[in-house]
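A structural walkthrough
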Amino acid sequence: MNDPSYEERLQKVWQIPRGLASITAVNHRVIGVRYIVTAFIFFILAGVLALMMVLQLSGDNNNLMTHETYNQFFTMHGTTMMFLFAVPVVEGIAIYLVPLMLGSRDLVFPRLNTFGYFVFLLGGIVVWGSLFLGSAPDAGWFNYVPLAGPDYSPGINIDIYTTAISFMEIAALVAAVELVITIFKVRAPGMSLSRMPLFVWAVLVMSFMIIFAFPPLVLTSIFLAADRMIGSHFFNVAMGGNPLLWQHLFWWFGHPEVYIIAVPAFGMVSTIIPTFSRRPIVGYLIVAVSMVIIGVLSFGLWVHHMFSADASILGMSLFAAASMAIALPSGAQVFAWIGTIWDSERVEWRTPMLWATGSIVLFTIGGLTGPMLAAIPWNWQVHDTHFVTAHFHYVLVGGAVFPIIGGLYYWFPKITGRMMNEKLGKWSFWLSFTGFNIAFFTLHYTGLLGMPRRLHTYLADQGFDLPMQIMLAGALILAAGLAVTLWNVIASLRRGAAAGDNPWNAPTLEWSTSSPPPAYNFLYIPVVDSSNPLWDAGSHDDESTRGYQTGTDHRETLGTTALDAVPEQRLAVARPSIWPLALAASVGTVFMGSLIDLVFVPIGAVMSFIALVGWNWPGKQRRKGL
Amino acid sequence: MSHRINRWRYYWALLVVSLAVPGLGGCAEVLSLQPKGPAAERIADLWWFQLLLALPFFLAVVILLLLAIRRHNRNNGRHPRNHGIQMIIWGGAILPAVAMLALMSFMIATLVDVTEPVKRAELSIGVEGKLWWWRIGYSGGEEPVFTANEIHIPAGEPVALELSSDNVIHSFWVPELHGKRDMIPGSSDRFWIQADQPGVYHGQCAEFCGAQHARMHFLVIAHEPEDFLSWLEQQRLPARLLEEGDGNFDGQQHFSGAGCGSCHTVRGTEASGTLGPDLTHLGSRSALAAGTLSNVTGNLSAWIIDSQQFKPGNLMPPMALQPDELLAITGYLESLS
């Protein structure tokens, strides 16, 4: 049965290009790792900006940096963390893990996926290049008009924002489309939706949210670009334009964005905690449904970012109620995690578990200040102060970055085949946890003192000095903690202990293959009859459920039905190709070229057309009718 | 195992310390929670109410987590439990639903109270957000009176504010008196404040508005009602047009000669510009440039010569003046009180 030539043929057709040719690689694990590494580089860069800002604010009337530099730094910190770290890193992790968790050989459209990565990379380089040239966006990541309009920001700074942000959203959107289709079409036979790992549920919710949230952002960025470049009047008050239009469209995207980042992180917590609690999660269905509810509700909250701008009491109260309602599905997840630990017979306190558990505490604090901000009069008091900064850092760092780092410790063995150092991992956690709380709990306090956000300096008698110095101390401890993890990654890549297939004795399919997995992921497409297949294995070791072979003439994986995952087709999957890069560069020419001269728009369009023709040119296999 | 338990206790003690640290900075005034007017007072009540609602949830999460962790360290696997679903039902549905209903009710009650003052405001003051200062206007009388960065009000009664901006979005905020309200270009918005006692209350722009967002302070100065009326009467007086032989005549001439009047108004003289702050009673103000500098001779001279050094990006150009001209202008401006 164990046909060696089948394995060899599989290896040959799925071979990942090496050397210079690796630029053409499309395998989801290659692209996933590229996404993750690139996103973490941006995370470090944006973190350095944050430290410098805190340093600037550690004394009144400090002169470490000018207001121009500070305004670019805080804009780039937010923009980078949101668009270049948080979304790409969760998408990267999803791109890496989802096919493995589903028992698939690859995503369904690997070339599209590869195209998305190059778009993200190109956009990120342009945005950061502008910072090094001293002309980065400087009107905040929220980029409110009229400040960001042609009259008050005549420089190139905001043009970088409008073009690069719209451009990069293409990457987020193609990854989301890709993930939705993959999740619906290539789940392992038997993996009905009700058996799908919770992380995959989270990715599904995230992807749908991206599909609904990002187009309005692209649209409004294009409106603003048009105002700035060709003199249209979408936001020009003098000509009947409306600055609040920008805010509505931006926050229609901006609020779901928080959950786009947080929901996959919840999914990681829901994956890590059961593994180390040695039992299935308590309330699987409740947790899955909670994520869906969060995804839907999050589109009904955006006005709570605008309470101080709007004056319709009844209208605002509805948005306040919706904002408070989200406490329920969030609370349900928190108590599902605690309940899982509580009901466990044996908890193993390995590093990933520590990060996941720490995240529960931090996310709870951020979750409790959330309804406070939804309470309109209190919102009027603390809106645009450090209190809000504290709130969303608890949600986004506590609720998302901590699980992501937990996930890094958890899946690093699968990705590299080596374990990360436990001792360093725990040191890193406790330093980060302590530093984070010192730094960001303090910000609640400075907010109550009356310190607005986005100040590059403050007066001597305002009482902000001491708390900001405490903040600086906390930020340095946090940075040290994260640096320990960085060092741990680098050291473990070389010297980490061999991981084996399933070092944590985890229940999901990615742990059934070798670490790192072969290019084709699984020798046989696995068959599943439980939501924790590796824990419940053994009940069906007869030959018929060993798994499905796939064809080896070209890349293919097994297509199954959307709800019950019944095998229905052999899905052809694309080979390595240079065209995704060519298309990314061409579309990049349209967007980035428009910064220099509008003549690049038609040039880029023609290049894109050529790239698309090349992309779709029938290959040998298709010409033979395969 | 006891070694392990101790270590956990130590870690949690660390958490508690880290949460307590901000209390050490407690020497400053917590403006949002030290209300000096009815609106801010109701809002502060809302804060204490929601804090009371939130704390039990935080404690429940931490205590249940600690108990769950502790239990495993003691009874390694001997007492499996089955409480998880109940935790979700109580902690994730019933209790938060009750808490949110309570919060919503308290919020709506607060909202009704702070949206409009109990008593109708008799005085209405115009507040315009500028780049990066505040133009304050009092109507009534023969012509409106403008000042900058200081809102004088009578204590003990509500005052209506007409908020507007003709440039970017600013946000009006005096934490001790009320929450904040954005000033959206293209629409003017009615807001109100009330200070119960005479005093000086700090305000600041809260919406990022560009280069000098950080230096856009203002003061609300509440007087006894009769003092307020005499202040306003005094502000209504135009400056005296000086004639040759008067004390600051040279200053007035140089002020005019240097073109100051194309941006600034000194009522009663030919200076009638509206780009910059009205200077008719500059000498009576405590600060320059929206709280950037205190209003003393040295600062005023330095500001006139090169304001960009103190507030880069502001609209006032550096002035090329001879020392004697500067001295004369400064003296003239200080005399406008």
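All values reported here derive from a predicted model rather than from experimental measurement.

**Here we look at the overall build of chain B**
Counting secondary structure elements, chain B contains seven helices and twelve strands. By the burial criterion, 41% of the 337 residues in chain B qualify as buried. Nonlocal contacts in chain B, meaning residues at least 24 apart in sequence, comprise 64% of its contacts between residues at least 6 apart.

**A look at the overall build of chain A**
Helix and strand counts for chain A come out as 18 helices and two strands. Its C-alpha atoms give chain A a radius of gyration of 24 Å, within 12% of the compact-globule value 25 Å for 626 residues. If you line up chain A on its principal axes, its C-alpha atoms span 80 × 60 × 50 Å. Counting every position in chain A, which comprises 626 residues, the buried fraction comes to 61%. Put simply, 80% of the contacts in chain A that link residues at least 6 apart link residues at least 24 apart.

**Comments concerning the pairing of strand β3 (residues 145–148) of chain B**
Residue and element names in this part refer to chain B. Residues of β3 alternate between two faces, with Val145 and Thr147 on one and Phe146 and Ala148 on the opposite face, all of them buried. Direction of pairing for strand β2 (residues 134–138) relative to β3: antiparallel, over a ladder of four bridges. Residue pairing in the sheet places Ile136 in a bridge with Thr147 of β3. Between β2 and β3, which pair antiparallel in sequence order, lie six residues; one of them, Gly140, sits at a positive phi of approximately 80°.

**Concerning the sheet that holds β2(B)**
Residues and elements named next belong to chain B. Pairing in this open sheet of five strands is mixed, and the strands run β3-β2-β1-β5-β8 from one edge to the other. Where the open sheet ends on each side, the last strands, each with one partner, are β3 and β8 (189–193). Ignoring strand direction, the axes of neighbouring strands in this sheet form an average angle of 30°. Bridging between strand β1 (residues 123–129) and β2 involves five bridges; their strand directions are antiparallel. Paired with Gly126 across the bridge in β2 is Gly137.

**Side note on the sheet that holds strand β9 (residues 199–204) of chain B**
Residues and elements named next belong to chain B. One open sheet holds the three strands; their spatial order is β4-β10-β9, and the pairing between them is mixed. Each having just a single partner strand, β4 (150–154) and β9 make up the two edges of the open sheet. If you compare each strand with its neighbour and ignore which way they point, the axes differ by 25° on average. In terms of strand pairing, β4 meets strand β10 (residues 217–223) through five bridges, oriented parallel. Note on β10: the bridge partner recorded for Ile151 is Val220. On top of the sheet, helix α4 (residues 225–236) reaches β4 and β10; it is set at about 135° to β4, its chief contact.

**Describing the domain arrangement of chain B**
Residues and elements named next belong to chain B. Here chain B is partitioned into domain 1 (30–74 + 88–115), domain 2 (123–227) and domain 3 (249–335). Each of domain 2 and domain 3 has a C-alpha centre, and these two points are 22 Å apart. Every contact between the two is made by 16 residues of domain 2 and, on the other side, 14 residues of domain 3. Elements with a contribution of two residues or more to the side of domain 2 that touches domain 3: β2, β3 and β10. The element best represented in the side of domain 2 that touches domain 3 is β3, accounting for three residues.

**A look at the environment of Ile415(A)**
All names here are of chain A. Within the fold, Ile415 resides in helix α13 (residues 386–416). The exposure class assigned to Ile415 is buried, which follows from the 20 C-beta atoms found within 10 Å. Sequence spacing of Ile415 and Val33 is 382 residues, and the spatial spacing of their C-alpha atoms is 8.3 Å. Every residue in contact with Ile415, bar those within four places of it in the chain, is listed here: Val33, Tyr96 and Pro516.

**What about the packing of helix α6 (residues 297–305) of chain B against helix α7 (residues 323–335) of chain B?**
Residue and element names in this part refer to chain B. One can describe the packing of α6 onto α7 by two numbers: an axis separation of 10 Å at closest approach and a directional angle of 120°. Relative to α7, the element α6 lies oblique. The hand of the α6/α7 crossing is right-handed. Contacts between α6 and α7 involve Thr297, Leu300, Ser301, Ile304 and Ile305 from the first element and Leu326, Ile329, Thr330, Leu333 and Glu334 from the second.

**Observations regarding the domain arrangement of chain A**
Residues and elements named next belong to chain A. With domains assigned, chain A is organised as domain 1 (28–576) and domain 2 (581–626). Between the C-alpha centres of domain 1 and domain 2 the distance comes to 30 Å. Across the contact, 15 residues belong to domain 1 and twelve residues belong to domain 2. Listed by contribution, the elements that provide at least two residues to the side of domain 1 that touches domain 2 are α4 (110–132) and α5 (157–185). Tallied by class, the residues present in the side of domain 1 that touches domain 2 amount to nine nonpolar, three polar and three charged.

**Some details on the nonpolar core**
All names here are of chain A. One finds Val119 and Ile338 to be the most contacted residues of the largest nonpolar core, which totals 299 residues. Counting residues per element, this core draws most heavily on helix α3 (residues 67–102), which supplies 22 residues. Sequence-distant contacts of Val119, that is, excluding residues within four places in its chain, are made with Phe167, Met168, Ile170, Ala171, Ala584 and Val587.

**Topic: the packing of helix α10 (residues 327–343) of chain A against helix α3 (residues 84–115) of chain B**
Two elements in contact, α10(A) and α3(B), have axes whose closest approach is 7 Å; the angle formed by their N-to-C orientations is 150°. Between α10(A) and α3(B), the angle is such that the two are roughly antiparallel. The element α10(A) and its partner α3(B) pack so that their crossing is right-handed. Taking contact as the criterion, the partners of Ala327(A), Leu328(A), Gly331(A), Ala332(A), Val334(A), Phe335(A), Ala336(A), Ile338(A), Gly339(A), Thr340(A), Trp342(A) and Asp343(A) in α10(A) are, on α3(B), Gly84(B), Ile85(B), Met87(B), Ile88(B), Gly91(B), Gly92(B), Ala93(B), Pro96(B), Ala97(B) and Met100(B). Looking at the contact of α10(A) with α3(B), its residues break down into 15 nonpolar, six polar and one charged.

**Topic: the environment of Gly283(B)**
All names here are of chain B. Secondary-structure assignment places Gly283 in the loop between α5 (249–257) and β11 (287–288). Residue Gly283 is classed as partly exposed on the basis of its 14 C-beta neighbours within 10 Å. Sequence separation between Gly283 and Arg135 is 148 residues; the distance between their C-alpha atoms is 16 Å. Beyond its immediate stretch of four places on either side in the chain, Gly283 contacts Leu333, Glu334, Ser335, Leu336 and Ser337.

**Topic: the interface of chain A and chain B**
With 78 residues of chain A at the contact, the number on the chain B side is 78 residues. Going through the elements one at a time, α7 (243–277), α9 (313–325), α10, α11 (351–374), α12 (376–382), α14 (422–449) and α15 (465–495) of chain A are the ones with two or more residues in the side of chain A that touches chain B. A breakdown of the residues in the side of chain A that touches chain B according to their chemical character gives 51 nonpolar, 22 polar and five charged.

**Things to note about the environment of Thr560(A)**
Residues and elements named next belong to chain A. Along the chain, the position of Thr560 falls in strand β1 (residues 556–560). C-beta crowding within 10 Å serves as the criterion here: with 27 such atoms nearby, Thr560 is assigned to the buried category. Put simply, Thr560 and Ala480 are 80 residues apart on the chain and 47 Å apart in space, counted from C-alpha to C-alpha. Contact partners of Thr560, with chain neighbours within four places excluded, come to Lys185, Val186, Arg187, Pro189, Ala565, Val566, Pro567 and Glu568.

**Let's talk about the confidence of the model for chain B**
Chain-level pLDDT for chain B is 90 on average; 89% of the residues reach the 70-or-more range. Reported confidence for the predicted complex is 0.92 by ipTM and 0.94 by pTM.

**Things to note about unusual backbone geometry**
Residue and element names in this part refer to chain A. The omega torsion of the bond from Val145 to Pro146 falls at 0°, within 30 degrees of zero and hence cis. For Pro146, the location among the structural elements is in the loop between α4 and α5. With an omega dihedral of -10°, the bond running from Ser515 to Pro516 counts as a cis peptide bond. Within the element layout of this structure, Pro516 appears in the loop between α15 and β1. Positioned with a positive phi, Arg278 is a non-glycine residue whose angle comes to about 60°. Here Arg278 is to be found in the loop between α7 and α8 (284–297). Looking at Arg278, the number of C-beta atoms within 10 Å reads 16, which means it is partly exposed.

Rules used in this analysis
Residues numbered from 1 in each chain as written. Chains lettered and ligands numbered in written order. Predicted model: local features only at pLDDT ≥ 70, side-chain atom pairs only at ≥ 80, totals over all residues. Helix = DSSP H or I, 4+ residues; strand = E, 2+ residues; numbered from the N terminus. Buried ≥ 20, exposed ≤ 12 C-beta atoms within 10 Å, placed from the backbone. Contact = placed C-beta atoms within 7 Å. Rg over C-alpha atoms; globule rule 2.2 N^0.38 Å. Pairing = 2+ DSSP bridges. Axes fitted to C-alpha atoms, helices over the stretch in contact; angles between N-to-C directions. Domains from an automatic or database assignment. Parallel < 35°, antiparallel > 145°, perpendicular 65-115°, else oblique. Left-handed = near helix turned anticlockwise from the far one by under 90°. Nonpolar A, V, L, I, M, F, W, Y, C, P; charged D, E, K, R; others polar. Core = buried A, V, L, I, M, F, W, Y, C linked by C-beta atoms within 7 Å. pLDDT = per-residue confidence, 0-100.

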